[in-house]
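A closer look at the structure
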Amino acid sequence: MALDKGVLKRFALFASMTDAQVALLASRATARRVAEGAAVFEQGEPATSFYLLLDGRLKVRQITADGQQIIVRIVNPGDLLGFACALSRPDYPGTATAAVESIVAAWPSTNWNAFVEANPHLAMNAIRTIGQRLDEAHTRIREMSTQEVERRVAHTVLRLVDQAGKADAGGTRVDFPISRRDIAEMTGTTLHTVSRILSAWEAQGLVEGGRRKLVVRDAAKLAKLAEAPRD
């Protein structure tokens, strides 16, 4: 479906662009509704388009060389994704699936160079996004190589709340369905281990779980747990 320029203008990415520039971008985009659980693109597919998430949440997964599935990124509204062309690679490095029903804007990858040349702000945003992903990757590698599992899980839960937290009675809820398996994939550990940790936290009143639900009840104590190594 066609995309109205007003939809793009509400995102910071396009704030410094003129109406004419945004209108041109909108005219070349197509909006696509993605059902919960459906893929926007698959790992290894030719990177024929790049995307902007307009509404909803996406999870980006990768299959490692040894066959392990890991969640490498949660995509929030206003985030660019799928711009493998900016990295000079022909295929998508991961699979993006909808955590909830979502809407994405798509542009042909062949438009990328012309877009960034005409809109330096778009290029700078892409560079910042790449930088943030590298920083997040380095942080997670450091956590997995130096921290015990419980601290890694605490850091991951706190990041989820920071990126997608919504006020809830007595705490902050992660504003999209999140399972214990998802958290295991984000922390490089097993479902059994994550279940054991979250159950213990529930008993202590730190979090409240449920089917694909996570509410942080005591972020301060969880932060102390994340930062303080045990003897």
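As shown above, the structure is provided for reference.
Note that the structure is predicted; figures quoted are calculated from it, not measured.

1. Section: the pattern of salt bridges
Tallied over the entire structure, the rule returns 14 salt bridges. Across the salt bridge formed by K9 and D19, the nearest N and O atoms sit 3.6 Å from each other. Here K9, found in helix α1 (residues 5-9), pairs with D19, found in helix α2 (residues 19-27); they are 10 residues apart in sequence, far enough to count as distant. Of the residues examined, D19 reaches a relative accessible area of 43% and is grouped as partly exposed.

2. Re the nonpolar core
Judged by nonpolar contacts, the single largest core of 26 residues is most densely connected at V157, F176, I178, I183, W201 and L222. Every element with two or more residues in this core is listed here: β5 (69-75), α5 (149-164), α6 (180-187), α7 (191-204), β12 (213-216) and α8 (219-227). For this core, the leading source of residues is α5, giving six residues. Core analysis: the next-biggest nonpolar cluster, separate from the first, contains 25 residues, L3, F50, L80 and A105 among them.

Rules used in this analysis
- Residues numbered from 1 in each chain as written.
- Predicted model: local features only at pLDDT ≥ 70, side-chain atom pairs only at ≥ 80, totals over all residues.
- Heavy atoms only, no water.
- Salt bridge = Lys/Arg side-chain N within 4 Å of Asp/Glu carboxyl O.
- Helix = DSSP H or I, 4+ residues; strand = E, 2+ residues; numbered from the N terminus.
- Buried < 20%, exposed > 50% of the residue type's maximum accessible area, 1.4 Å probe, protein only.
- Core = buried A, V, L, I, M, F, W, Y, C linked by side-chain atoms within 4.5 Å.

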